Amino acid sequence: MMCIAKKCGIRFQPPAVILIYENEIKGKSRQRIMPVRNFSKVSDCTRAAEQLKNNPRHKSYLKQVSLKQLEKLFVFLQGYLRGQSLAETMEQIRQETTIDPEEDLNKLDDKELAKRKSIMDELFEKNQMKKDDPNFVYDIEVEFPQNEQLLSCGWDTESADEF
């Protein structure tokens with residue numbers, strides 16, 4: 001069955017993922033309710049999203065829904081189960097999906113580092129200029145002002161004397 005996903009959301013009581021899709025052949029809008037079972041406030045949201053997306057009953061419907069979106073819906077559900085407000089959960093998601101430029105990535109464990117790298121890759125892909133973009137310019141030449149005083153760094157002055 002070919003379907004085009006239009007909207008995807010979460011229902012808190014009883015927990016379920018709701019997908020509004022359009023049947024490609026008939027052109028009718030439909031709603032599919034996928035119950036969320038065995039999910040608690042300590043469950044792994046990534047794993048739950050993968051299990052739902054790979055479930056044979058829902059696989060064809062969730063083909064166009066990204067794993068990140070499903071994971072975010074499960075984070076909302078988890079926040080609800082923990083007693084957090086919607087605003088608190090949204091703030092938590094914002095903090096997890098943005099990168100602090102002052103954060104020392106050398107101090108993170110492997111799992112957190114991989115998460116930060118995937119966020120950076122996603123941001124790079126989003127901002128990358130491709131040949132097909134209307135504002136793409138092949139060879140950009142930029143003139144930097146030379147009238148300003150150049151600042152020297154302490155690390156390169158000593159090495160110049162050694163050569």
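Please refer to the structure higher up on the page.
If you're wondering where the values come from, they're calculated on a predicted model, not measured in any experiment.

A. Seen up close, the packing of aromatic side chains. Using the criterion set out here, one finds three aromatic pairs in the structure. With a centroid separation of 5.2 Å and an interplanar angle of 50°, the aromatic rings of Phe39 and Phe74 are classed as tilted. Taken together, the positions of Phe39 in the loop between β3 (29–35) and α1 (45–54) and Phe74 in helix α2 (residues 67–81) put the pair 35 residues apart, joining distant regions of the chain. On the basis of relative accessible area, Phe39 is assigned to the buried category, the value being 15%.

B. The packing of α2 against helix α3 (residues 86–97), seen in detail. Following both chains from N to C, one finds α2 and α3 inclined at 135°, their axes separated by 9 Å at the closest point. Considering their axes alone, α2 and α3 lie oblique with respect to each other. The two elements α2 and α3 meet at a crossing, and its hand is right-handed. Residues Lys72, Val75, Phe76 and Gly79 of α2 lie in contact with α3, whose contacting residues are Leu86, Thr89, Met90 and Ile93. When the residues that make up the contact of α2 with α3 are grouped by side-chain class, the tally is five nonpolar, two polar and one charged.

C. Expanded view of unusual backbone geometry. Put simply, Gln13 and Pro14 share a cis peptide bond, and its omega is -20°. Mapped onto the elements of the fold, Pro14 is located in the loop between β1 (3–11) and β2 (16–23). Of note, the phi angle at Asn38 is positive, near 55°, even though the residue is not glycine. Relative to the assigned elements, Asn38 resides in the loop between β3 and α1. On the accessibility criterion, Asn38 (81% relative accessible area) is exposed.

Definitions and limits used
- Residues numbered from 1 in each chain as written.
- Predicted model: local features only at pLDDT ≥ 70, side-chain atom pairs only at ≥ 80, totals over all residues.
- Heavy atoms only, no water.
- Phe/Tyr/Trp six-rings, centres within 6.5 Å; stacked < 30°, edge-to-face > 60°.
- Helix = DSSP H or I, 4+ residues; strand = E, 2+ residues; numbered from the N terminus.
- Buried < 20%, exposed > 50% of the residue type's maximum accessible area, 1.4 Å probe, protein only.
- Axes fitted to C-alpha atoms, helices over the stretch in contact; angles between N-to-C directions.
- Parallel < 35°, antiparallel > 145°, perpendicular 65-115°, else oblique.
- Left-handed = near helix turned anticlockwise from the far one by under 90°.
- Contact = heavy atoms within 4.5 Å.
- Nonpolar A, V, L, I, M, F, W, Y, C, P; charged D, E, K, R; others polar.

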